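# Examining the three-dimensional arrangement
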Amino acid sequence: MRFIGSTALSMVRLAIVGHDNFTIIGADGQYTQPHEESYMQVATGQRFDVIFRTKSAQELGSQTDFIIQFVSADRPSIYTGYGVLRYGAGNPVITTAPATPPLNLTKPSYSWLEYSLQPLWPNNFPTASEVTRQVIIYDRQVLTHTDIWRLNGDQWNDTSPPYPGDTPYLVNIYENGQSAIPNYDAALNNSGWDPYSLTWPAKIGEVLEIIWYNTGSLVQNNGGVDYHPFHAHGAHYYDIGSGNGTYDAVANEKKLANYNPVLRDTTNLYRYETATTAGATAGWRGWRLRVNDPGVWMIHCHILQHMIMGMQTVWVMGDYDQIAGIPHFDAAGYLQYGGDAYGNETFAPSYVHQYD
């Protein structure tokens, strides 16, 4: 079975009465060593491939219907829903929802699958000594008449100055060349964020360690009403784990000593407390990323409401020659809205073959 987190907001837990053998063999498009869980937990944007063993006729006996129970998690209000796993073509036995939930699905979300998945094949995981720089990013929620998120106190949206919002970054780089490339040195002096282009630049060949922090609201001591499933475009990253409070590199390296992290593209920055001090670190998630795919990529919270509120970042990876590797003549149809790469009723799309 394949589980796809196509929700806009909720994390979902799912379990089946009498069936506790979900063997995970893949996550976010990457094969993993088999790992068994008794229930599934899927956040928005995540994908899991699972081997699920059904019961034999002898194991079933006379029972043919089993309750499927699912609940939303890590939200102020919890929804519980039901389905039925039915064997054979006999008459339905379970036709109404149970009066009380048959399964207890209230374990902390952060206890599921952490430091568990390992790659099916060697995946060139970078050691701490290979890391060229660390980027620390704090979420910051400002509660006003319009709630907004500011990562490290900075907010990005498609109308932020100095750009009017009508020219995408990649198009701007193609049209204006080197002058449109972010100021890397300015970014290094500003916690990794270029204040001129409002992007996070990186050089090809770097090995980044990115530490995401969940923080208490700057206005209310609400601790962690939210979890954040952070999603990266353009590349998978090595998930080096998560925890409460402040990231301790030495302690985490001990956890990684006999553990090979898998490549993921959507992992959760969890909440651990229901209340905390405003601005305090209330949980972290760590990534390591080998920068080897030039381009302009989004890294953002996959909760749609949080994206709209500003919890998204633009990363420019590589220099002009690396990013604009396809000649402008070939790329032009893709860069112009409604360009000839799209085609219309009068002509077929014109496209560039990347492979023979």
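Sequence order sets the numbering: in each chain, residues are counted from 1 along the sequence as written. Reporting in this predicted model follows two pLDDT cut-offs: at least 70 for local features of residues, and 80 or more for side-chain atom pairs to be given and counted; totals over whole chains, interfaces and linings ignore these cut-offs and use all residues. Computation of side-chain values: all heavy atoms of the structure, hydrogens and water removed.

Helix and strand assignments follow DSSP, with helices taken as H or I runs no shorter than four residues and strands as E runs no shorter than two, numbered in order from the N terminus. Along its length, the protein chain carries seven helices and 20 strands. Viewed in the frame of its principal axes, the protein chain has a C-alpha envelope of about 70 × 60 × 45 Å. Relative accessible area decides the class of each residue, using a 1.4 Å probe on protein chains only: under 20% of the type maximum gives buried, over 50% gives exposed, and in between gives partly exposed. Burial statistics for the protein chain: of 356 residues in total, 47% are counted as buried. Accessibility throughout is a Shrake-Rupley quantity obtained with a 1.4 Å probe, and a residue counts as covered only by protein chains that appear here. About 18,000 Å² of surface is accessible on the protein chain, with carbon and sulfur atoms providing 53% of the total. Asp and Glu count as negative and Lys and Arg as positive, but His and the ends of the chain are not part of the count. Note that the charge is assigned to NZ on lysines, CZ on arginines, CG on aspartates and CD on glutamates. If the 19 positive side-chain charges of the protein chain are averaged to one point and the 33 negative ones to another, these points end up 11 Å apart.

Turning our attention to the packing of aromatic side chains. Geometry of aromatic contacts follows a simple scheme: Phe, Tyr and Trp rings, the Trp one being its six-membered ring, pair when their centres are within 6.5 Å, and the pair is stacked under 30 degrees between planes, edge-to-face over 60, tilted otherwise. The tally for this structure, following the rule as stated, stands at 16 aromatic pairs. Taking the centre distance of 5.3 Å and the plane angle of 35° together, the rings of F22 and F52 count as tilted. Of this pair, F22 sits in strand 3 (residues 22–27) while F52 sits in strand 6 (residues 47–52), placing them 30 residues apart in sequence. Judged by relative accessible area, F22 falls into the buried class, the value being 0%. Its relative accessible area of 17% is what places F52 among the buried residues. Ring centres 4.9 Å apart and planes at 15° place the aromatic pair Y138 and Y213 in the stacked group. Here Y213 lies in strand 13 (residues 207–215) and Y138 lies in strand 9 (residues 133–138), a separation of 75 residues in the sequence. Judged by its relative accessible area of 5%, Y213 is buried. Members of the aromatic cluster, each reached through a chain of ring pairs, are W212, F230, Y237 and W287. Cation placement over rings: the criterion is NZ of Lys or CZ of Arg within 6 Å of the ring centroid and within 35° of the ring normal. The ring of Y184 carries K203 above its face, with NZ or CZ at 4.4 Å from the centroid.

So, on to the pairing of strand 19 (residues 295–301). When DSSP finds at least two bridges between two strands, those strands are taken to pair. As judged from the three bridges shared by strand 14 (residues 228–232) and strand 19, these two strands associate in the antiparallel manner. Along strand 19, the bridge assignment pairs F230 with C301. As paired elements, strand 19 and strand 20 (residues 312–317) share six bridges and run antiparallel to each other. The partner of G295 across the bridge, within strand 20, is M317.

UniProt positions are given in the numbering used here, feature names are shortened, and annotations may be inferred rather than shown by experiment. The residues that UniProt annotates with the feature "domain: Plastocyanin-like" (unreviewed entry) are residues 1–88 and 183–316. As a span, residues 1–88 carries 5% helix and 55% strand, and end to end its C-alpha atoms are 19 Å apart.

Let us look at the pattern of salt bridges. Take a side-chain nitrogen of Lys or Arg and a carboxyl oxygen of Asp or Glu: if they are within 4 Å of each other, that pair is a salt bridge. Using the criterion set out here, one finds twelve salt bridges in the structure. D28 serves as the salt-bridge partner of R264, at 2.8 Å between the closest nitrogen and oxygen. Taken together, the residues R264 in strand 16 (residues 263–264) and D28 in the loop between strand 3 and strand 4 (30–37) connect sequence positions 236 residues apart. By relative accessible area, which is 1% here, D28 ends up buried. Where R285 meets D239, a salt bridge forms, and the shortest distance between an N and an O atom there is 2.8 Å.

Now for the nonpolar core. Side-chain atoms within 4.5 Å link the members of a nonpolar core, which is a set of buried Ala, Val, Leu, Ile, Met, Phe, Trp, Tyr and Cys residues. Judged by nonpolar contacts, the single largest core of 34 residues is most densely connected at I137, I210, W212, F230, W287 and W315. Elements that contribute at least two residues to this core include exactly strand 9, strand 12 (200–202), strand 13, strand 14, strand 18 (281–290), strand 19 and strand 20. Here a residue-residue contact requires only that any non-hydrogen atoms of the pair lie within 4.5 Å. When near neighbours in sequence (up to four residues on either side) are disregarded, W287 contacts L208, E209, I210, W212, F230, A232, Y237, Y238, I240, T267 and I299. Core analysis: the next-biggest nonpolar cluster, separate from the first, contains 23 residues, I16, V71, Y87 and L105 among them.

So, about the side chain of D74. Position of D74 among the secondary structure elements: in the loop between strand 7 (65–73) and strand 8 (80–86). Buried within the structure, D74 lacks any salt-bridge partner; its nearest side chain of opposite charge belongs to R271, at an N-O separation of 4.1 Å. Polar contacts involving the side chain of D74 include one to the side chain of S109, which spans 2.9 Å. The definition of a polar contact used here is a pair of N or O atoms within 3.5 Å, where within protein one atom must be able to donate a hydrogen and the other to accept one, and adjacent residues in sequence count solely through side-chain atom pairs.

Here the focus is the environment of R47. Of note, R47 is situated in strand 6. Judged by relative accessible area, which is 25%, R47 ranks as partly exposed. Along the primary structure R47 and Q322 are separated by 275 residues, whereas in three dimensions their C-alpha atoms are 30 Å apart. Among all residues touching R47, those that are not within four sequence positions of it are F3, I4, G26, A27, D28, G29, D265 and T266. At a separation of 2.9 Å, a polar atom in the side chain of R47 contacts the main-chain carbonyl oxygen of G45. A polar contact of 2.9 Å, which involves the side chain of R47, links it to the side chain of D265.

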